[in-house]
Structures are given as C-alpha cells and as structure tokens.
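As a plain string of letters, each chain reads:
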Amino acid sequence: MSFSSLALNKSLTDAVKALGYQQPTPIQQQAIPAVLANKDIMAGAQTGTGKTAAFALPILQKLSENIPTERPIRALVLTPTRELAQQVYKSFVRYAENTELNIAVAYGGVSIKPQIDAIEKGADVLIATPGRLLDHIINGSVLLIHLETIVFDEADRMLDMGFKDEIDRILNRLPPERQTLLFSATFDDAIFKLSKTLLNDPELIEVSERNATAAKVEQVVYTVDSDRKRELTSFLIGSKNWQQVLIFTRTKQGADALSKEMCKDGIKTQSIHGDKSQGARDKALAEFKEGKTRALVATDVAARGIDINDLRYVINYELPYIAEDYIHRIGRTGRAGNDGLAVSLMSPSEVWLLEAVEEVLDSRLMQQWYPGYEPDLTKTEPSARKNTLGKQKKQGRQKAFGDKNKSRPNRQRRR
Ligand code: AMP
C-alpha cells in the first residue's frame, strides 16, 4: 500500500517521501481514511508506531483544502508533556512543508510571549499541553470556537498526570460539532470513561494487542541487590560497549545521583527531569541524540515523547510504580522497525512491581541473575522476606499514589 492510495494529496505524499517513508504503517493505513471521512476514532497505538503521521497527515489534508482568510485555530493536538508537544510540532511542520498551513506550539516552562506572537500570526494547527493551553485561553490569546478537530495524544498519560480537570475545562470551550481523535498506548477504565464523554460513534483502531509492548523489543530482567544496581549498570554499558542508553529512575533525586555516580565510573551521563529548566532538558536531550552523552537518566514524565529512531538500549534502573509506565519506557526503543533491548534491574523488594507489569503485559518476564551480580539471598530470611514484601507492597503503593489517587492501585490491577 502506498501513501497516495490513501487519497492523500501530492504535497503531503511528497513530504513523507522526502522523509524516507516508503509505505504507511498499520496505524496510518487504518486511521488516515477514517480521519479523512470525518469519523471520530479511538486508537490503541503507542509511540513508535507512526501514530503522529496517522493523525497529522489527514488533518493537514482536510485543512489545506480550504484555507480561510482569517486564520483561526482549526485543529488542536493535546499532549501530556512539553517534550511530546515539541516532537509532534516538529512532525507537523515537516509534513506541512509543501502546504500553506501554519503550525504553532504552546507548552509551559518557557515564556508565553513568543507563543502568543506565533498564534496571532494565524495558526491553523496548535499543539499544546493542557496547562499552558488554559493559560492562553484565559489570556484570550487562544480561541477555539472554530475548532474542527481535536486530538488527544497519549490520553492515558494525560489522565495519569492528573490533567482531567484541565481537559474538562478545555472541553467546555470547544464547539460541540467537532471531530475527536483519541490515541492511547494503554486502555483502562479511566480511558474508556473519558472516551464515552468525548467520542461520537468512534471507529476503534488497534494496531497491536492492547497494552502490548513494541514488537521488536527484547526484554530482560536481572534480579540484583539495590546497592549493586549502579555498578551493574555501568558494567553492562561498558563491557557490552552500548553507546546510547536511556535509563529510567523513579525520582528526580535518583536520576541526579545516578548520573553523577556513572560519570565517576567514566560513562558520560546526564539527567533530565521536571526540576530542570526547559533549556537544560533540551540541551541534555540534544547532546544525547548527537552521541556526546552516552547515557541519559530520566524520570518517566521527562522521558515522554523522546523520539530517537535508533535508540537500542533502555535500562529500567527501578521498576515503575505505575505498571503502564513500563510499556511507555520500553517503547522508547524498538522504534521504526529497529531492534531494541530493555533491561530491568529488579531488587528482591521490587518483585511486586514486576508482577504488576506482568499483569499489564499479560505475560511473564523471565528473571535471571547476571554472573557476578547475584543477589545476596542470605540478607533476609525467606519467611521474613515474604512479610517484608507484603508490607512494602502496601506502603509503596500508598506512597506512590498518595491519598488523591486512591483508586489507582485498583486501576492497575484491572485490565
Ligand atoms: P511516532 O509513532 O509518530 O512517534 O513515529 C515514530 C517514528 O517513525 C518517527 O521517527 C517517524 O518519523 C517514523 N515514521 C512514521 N511513519 C513512518 C512510515 N510510514 N515509514 C517510516 N517511518 C515512519
């Protein structure tokens, strides 16, 4: 199948050809005709499947068919993070290169003024994070009454990050007659509930099994004591000569500490997380992409949307508290048809987190020991260990989700 057989016009097919895309990916094959036919869609697709073009190309085609003299915002893409907003913006700009359409982006953490200027010049498409979009709406710099299409990109993540209130407030400003496209890597009750309020007779599109991990990613779990994880991380990277490795920690402090220690081990490492300025995050990411930095340590939120086609290695230094994050993490590798390896370093006290991941994946991950880094099983008596694990499980979940999100552990257990 070719892009032109999807009834896309020449300016768009030329743009994708220039990017080296030879044929549409499965999500593009299914979503493009549906979006062109003005249908609402609910699509299960994670980053790396080509989902951005799956909504961007048909949106651009429809907008370019009739460009009004006044240039109101007619398409809006909501993303959970600044990184993803930047990524989606860049894709739109590339795809729209041969059209007259203007694209703008709005996210927090940077000055609002240049964003206002870009929007005032007449943006046909706006890509935005929910918080900054609301700032613009309240300021009067964004008006959404002419909106034709809204996209919720990584909708599961938006809900996990607590954007439900912002989403509701934004929805109140939209015209009721509109096309809504919802993309989510994972599905749970919260997403289905949101979809019911948003979508009108949607076409359901699933390119892989629900909650499936990227097909070509090999997953390995090493059981290792927590106090030897850093040593094993540096050893794996050094001994196997891995050149570009994305490492996940659960906390910002953990990311900074690990990055410092790894530099001492001789591995050039930087960290990115929400406490760093946008400029510092962009710089760290650029240096990682260029290969100036060998390892990048990131928290889940900061890593969303990182798009490096040839990223081969992901290390879960700690397993995530929210099991679905595992899918997002390992989806950073194995992109655009490349192979990937995701290594999880699991301390004996994290077994319950692995179980939650396995429940979401609906499959078991084999645990193994790395020679020389076997866990010290004499540290805890088996019976005491069981009790400790039970206690940690409870405490960990309470700590991770807090009072506000009491329902999350249940969501995690359900599918
Ligand atoms: P996405 O899932 O939208 O983040 O896309 C993942 C990567 O695949 C991006 O680097 C895109 O440029 C690339 N891509 C998207 N569609 C295609 C295609 N049809 N052929 C080859 N690469 C693609």
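In case you missed it, the structure is sitting above this.
As a starting point, this report considers the structure included with it. (Residues numbered from 1 in each chain as written. Predicted model: local features only at pLDDT ≥ 70, side-chain atom pairs only at ≥ 80, totals over all residues. Heavy atoms only, no water.)

In this section: the packing of aromatic side chains. All chains considered together, the criterion is met by eleven aromatic pairs. On the numbers, 5.7 Å between centres and 35° between planes, the contact of Phe 235 with Tyr 373 is tilted. Within this pair, whereas Phe 235 is found in helix H10 (residues 229–239), its partner Tyr 373 is found in the loop between strand S14 (367–368) and helix H16 (382–401), the two being separated by 138 residues in sequence. Through successive ring pairs, a cluster of aromatic residues spans Tyr 222, Phe 235, Tyr 370 and Tyr 373. Cation over ring: Lys 229 sits above Tyr 317, and NZ or CZ is 5.8 Å from the ring centre. (Phe/Tyr/Trp six-rings, centres within 6.5 Å; stacked < 30°, edge-to-face > 60°. Helix = DSSP H or I, 4+ residues; strand = E, 2+ residues; numbered from the N terminus. Lys NZ or Arg CZ within 6 Å of the ring centre and 35° of its normal.)

On to the environment of Asp 300. Position of Asp 300 relative to the elements: it lies in helix H13 (residues 300–303). In sequence terms Asp 300 and Tyr 326 are 26 residues apart; their C-alpha atoms lie 9.1 Å from each other. Not counting residues up to four positions away in its chain, the partners in contact with Asp 300 are Arg 157, Phe 248, Thr 249, Pro 320, Asp 325 and Arg 329. In this structure the side chain of Asp 300 is engaged in a polar contact, spanning 2.7 Å, whose partner is the side chain of Arg 329. (Contact = heavy atoms within 4.5 Å. Polar contact = N/O pair within 3.5 Å; in protein donor to acceptor, adjacent residues only side chain to side chain.)

The full count for this structure, using the stated rule, is 23 salt bridges. With a shortest N-O distance of 3.1 Å, Glu 290 and Lys 292 are connected by a salt bridge. Residue Glu 290 is classed as exposed on the basis of its relative accessible area, which comes to 51%. When the shortest N-O distance is used, the salt bridge between Asp 300 and Arg 329 registers 2.7 Å. (Salt bridge = Lys/Arg side-chain N within 4 Å of Asp/Glu carboxyl O. Buried < 20%, exposed > 50% of the residue type's maximum accessible area, 1.4 Å probe, protein only.)

By the alternation rule, side chains of strand S11 (residues 295–298) split into Ala 295 and Val 297 and Leu 296 and Ala 298, which are all buried. Pairing analysis gives four bridges linking strand S9 (residues 245–248) to S11, with the strands arranged parallel. From the neighbouring strand, Leu 246 faces S11, where its bridge partner is Leu 296. Two strands pair when backbone bridges link them, and strand S10 (residues 269–272) and S11 are joined in this way by four bridges, in the parallel orientation. Directly across from Ser 271, in S11, lies its bridge partner Val 297. You can see the chain leave S10, run along helix H12 (residues 278–290) and come back into S11, and the turn it takes is right-handed. (Pairing = 2+ DSSP bridges. Right-handed = clockwise from strand over helix to strand, strands pointing away.)

Membership of the largest hydrophobic core comes to 39 residues, with the highest contact counts inside it found for Phe 55, Leu 57, Ile 59, Leu 60, Phe 92 and Ile 127. Take this core: its biggest share by element is eight residues, from helix H3 (residues 51–64). Ignoring anything within four residues of it in the chain, the contact list for Phe 92 reads Phe 55, Ala 56, Ile 59, Leu 60, Val 77, Ile 103, Val 125 and Ile 127. (Core = buried A, V, L, I, M, F, W, Y, C linked by side-chain atoms within 4.5 Å.)

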